[in-house]
Structures are given as structure tokens and as C-alpha cells.
Amino acid sequence: MQPLERHIRNRIRQEGPLTVASYMAEALMHPQYGYYRSGNPIGAKGDFITSPEVSQVFGELLGLSLAVCWMDQGCPDKICLIEAGPGRGTLLTDLVRATRGVAGFHQAFERRIHLIEANPDLRRQQAKQLSGREPVWIDNIREAPELPLFLVANEFLDCLPVHVFKRTDGGWQERFVTAHRSGLTFTHGKPAPGSPTPEPDTGIDDIPPGSTVEVSPSMQEFAETVGYHISRNGGGAILVDYGDWGLVGSSLQAVRNHRKSDPLADPGGTDLTAHVDFRALARSAGRHAQVSGMVPQGILLERLGITARARILARGLASDAFQSHMAAHRRLVHPDAMGALFKAICIVPKGAPFPPGFSE
Ligand code: SAH
């Protein structure tokens, strides 16, 4: 048995079944054995591929949108540029390269780039990618300096733990993880003390018995902190992830080696994610700041000019390179690929214009 499973079983023995959120926190963030504490999960050789790894255009376009957001707010001369969950550092590299020509933008973050990253192996890769810059790693958004905050995050929020609830005729039941002789298994029971209540998060009064909903207090706290920071100091945040508006249903999934797997089979060895409820995100950030409408990734990238950019990059490519370039473009925007499942949202101060690609 893997040491992390042993540790989880011990906790269950002592405390009783764990909420799905506690289980996810252990499986992903256990200081020694958590999935996001070592190794490199991203890329063809890893467990999954992300949009910035599909094409450089993704980071370029988000970067330019963020730079326009900075210009719209009067080009503040000192800002905090930050990425939450930067993975291999690819998005940031593309963002920095694409915004070189935006007069004053780079001077405003003074070569310093803040990164929220839990994984020391990925921190090393990010340092390599960002050589010539001054990366500053922080563990939590609350540690961001009191400056206008320009933040980008792709596939970060889906890693944050969720509580899972099921509606029954007798009220809400929470899903727990418990142990049996040969492994871990799900069970249901009365919501744990301190668990969030699902109703206000779903925004749907009439959830039929048998339905499942997921609630992520960590995601909401992140969104609220970003909203608060931006309302105090100015800035803009572009958040991209897979999910939808007011989710009903179970989306918790495990992915290993580009395939779906059993979320309880190998804690620490598989990625666990849940779709992001953008409605809950918008409500949390909207307590302080202004939040755009949610836009599908494909539409956002089209609005930002992905086709024109892809045409320019396609010039002079030989046939194999051209084919893979076209396939990457399709993968990012097509509704059958990442274009519809992934959504984006933007947070700006109340009264500030939304950056290109976003609207109310
Ligand atoms: N944005 C990158 C990587 C996405 S994978 C891309 O699009 O390619 C998720 C990233 O978030 C990884 O870098 C992971 O190590 C980091 N991460 C996940 N949960 C985290 C947490 N709670 N605190 C800090 N970093 C976290």
C-alpha cells in the first residue's frame, strides 16, 4: 500500500470518514506525497495537456488582453503580475514575449513575476523558463503585494477541493471517503460540521432528489480574495478553466496518463479535478469587484483574433508542421475539443472597462 493511502486510512480510523474535500486536499496537497507536490504532470509525457501547451497563441492572446486591461486603467507604473498554478511556465513565457512591445508594461512589473505554485519540481522549471526575470513564489493569493494585481490562471481552480452533496427526499447528504479492507470507497451521510451548505451555491431552488452538487470553499475564497485585492488596488484577473454556470451533477474525476481513472484507486498518483462553478466564482469575486459574463474559450480566443494570429504563424510552415499547427488551433477553439468545455471570466474593479474578449 502506498504511504499516502496508509496515511488516509489512519485518518479515517481516527476521525471517521473524510469529506471529499479533505480527501482531495490530502491526495493533491499532502506535503510529502500529494500529487501536486512533485514531478511534472503536464505535457505529452505527463498525465494531461493544457491550452498553453497546445499552442503559444493562448498565452500571447491572454497576455495582450491583460496588457490592454492595464492600459485601460491608466498604465499604473508599479503592478504585481501574477500567475496562479503556472505549470511549466509556458503561458507566462508567451505572455511576456507577446507584451514586450506594450510601452511601460514590463517596467511596471519590474521583471518581477509572482507565481502561486505548490510543486518544487515545477518551480524549478518555471525558474528556467523565466530566466532573466525575477520569479517570486508565494503559497497563497493573500500574500500578493498591495499593488494593482494583474493575474492569469489556467486550470488552477479545478485543482481546488470540492465538497460533494446529494439531494435526497430527507435533505442534503454529503459524500465521504471511507476505508474497507482492500481500498477506499465512497459513502454518504449527514453533512460534516463545518461543511458549506449547497443551496446558495447552486442558485437553483428546485434541485430534484437524486441530484449531486459540488461546492468549493477554497475556490470561492480565492475568487473573493482576488476580487477584494482588485477592488482595493486596481488590476484585472483572467481565469480560464473547465466548468459551467451553476453546476448540477458530479464532475469529480481522476486523470492519469491522459485517461480517466478511479479517483480513489491511487491517491497522490493521479490528478483529481472538479469542474469550476463559474456562478459561485462570480458571486464570490462580485462581492467586491466587477465580474464579466462567462465566455467559452473558443469564443474568447476568436474575439482576441486567434485566427489572424494562427495565419501569420502558419506562413512558411512545411506540411507536417502546418498540419500540427492547424490541429492545435482547432483543439483550442473547436466546441468538440477545448473550445466549449473551457470557459473564461474576468474580474476588474467596479466601473473599469472589461479587457478585450470580455463583456458584461
Ligand atoms: N496553468 C498551467 C498548469 C495547470 S496544472 C497550464 O495551463 O499548463 C495546475 C497547476 O496548479 C500546477 O502548476 C500545480 O502544481 C498548481 N497547483 C495546484 N493546486 C495548487 C495549490 N493549491 N497551490 C498552489 N499551486 C497549485
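Residues numbered from 1 in each chain as written. Predicted model: local features only at pLDDT ≥ 70, side-chain atom pairs only at ≥ 80, totals over all residues. Heavy atoms only, no water.

**Structural notes on the layout of surface pockets**
No. 1: Volume-wise, the largest pocket comes out at about 720 Å³.
No. 2: Taken together, 37 residues form the lining of the largest pocket, with Met 29, Ile 116, Ala 118, Phe 156 and Leu 160 sitting closest to its centre.
No. 3: For the lining of the largest pocket, the elements supplying multiple residues, two or more each, are helix 2 (20-29), helix 3 (51-54), helix 5 (90-98) and helix 9 (217-233).
No. 4: In the lining of the largest pocket, the residues fall into 20 nonpolar, 8 polar and 9 charged.
No. 5: Estimated volume of the second largest pocket: approximately 430 Å³.
No. 6: Lining the second largest pocket are 19 residues, with Phe 48, Ile 49, Tyr 242, Gln 253 and Val 255 sitting closest to its centre.
No. 7: Counting residues per element, the ones that place at least two in the lining of the second largest pocket are strand 11 (253-256), strand 12 (259-261) and strand 13 (271-273).
No. 8: Here the residues of the lining of the second largest pocket sort into 8 nonpolar, 4 polar and 7 charged. (1 Å grid on protein atoms, 1.4 Å probe; cavity = no way out; pocket = protein on both sides within 12 Å on 5 of 7 lines; lining within 4 Å. Points joined across faces, edges and corners; volume = space filled by probe spheres on them. Helix = DSSP H or I, 4+ residues; strand = E, 2+ residues; numbered from the N terminus. Nonpolar A, V, L, I, M, F, W, Y, C, P; charged D, E, K, R; others polar.)

**Description of the sheet that holds strand 11**
Pairing between the strands of a sheet is mediated by backbone hydrogen bonds and can be parallel or antiparallel.
No. 1: Across the sheet, 3 strands lie side by side as 12-11-13; this open sheet has antiparallel pairing. On the outer flanks of this sheet lie strand 12 and strand 13, each paired with one strand and no other. Here the average twist between neighbouring strands, direction ignored, is 40°.
No. 2: As paired elements, strand 11 and strand 13 share 3 bridges and run antiparallel to each other. What sits directly across from Gln 253, in strand 13, is Thr 273. (Pairing = 2+ DSSP bridges. Axes fitted to C-alpha atoms, helices over the stretch in contact; angles between N-to-C directions.)

**Overview of a nonpolar patch on the surface**
No. 1: Where nonpolar side chains cluster on the molecular surface, the patch consists of Leu 317, Phe 322 and Met 326 and spans about 220 Å² of accessible area.
No. 2: When you line up the elements, Leu 317 lands in the loop between helix 12 (306-314) and helix 13 (319-333). (Patch = residues over 30% accessible without salt bridge, like charges linked within 9 Å, V, L, I, M, F, W, Y side chains within 5 Å. Areas by Shrake-Rupley, 256 points an atom, 1.4 Å probe, with all protein chains shown as cover. Salt bridge = Lys/Arg side-chain N within 4 Å of Asp/Glu carboxyl O.)

**Observations concerning the packing of aromatic side chains**
No. 1: Going through the model one piece at a time under the given rule, you end up with 6 aromatic pairs.
No. 2: For the pair Phe 165 and Trp 172, a centre-to-centre distance of 6.4 Å together with 75° between the ring planes defines the contact as edge-to-face. Across the pair, Trp 172 and Phe 165 agree in class, each one buried.
No. 3: Each member of the aromatic cluster is reached from another via a ring pair, and the members are Trp 70, Phe 105 and Phe 109.
No. 4: Over the ring of Phe 186 we find Arg 175; its NZ or CZ atom is 4.6 Å from the centre of that ring. (Phe/Tyr/Trp six-rings, centres within 6.5 Å; stacked < 30°, edge-to-face > 60°. Buried < 20%, exposed > 50% of the residue type's maximum accessible area, 1.4 Å probe, protein only. Lys NZ or Arg CZ within 6 Å of the ring centre and 35° of its normal.)

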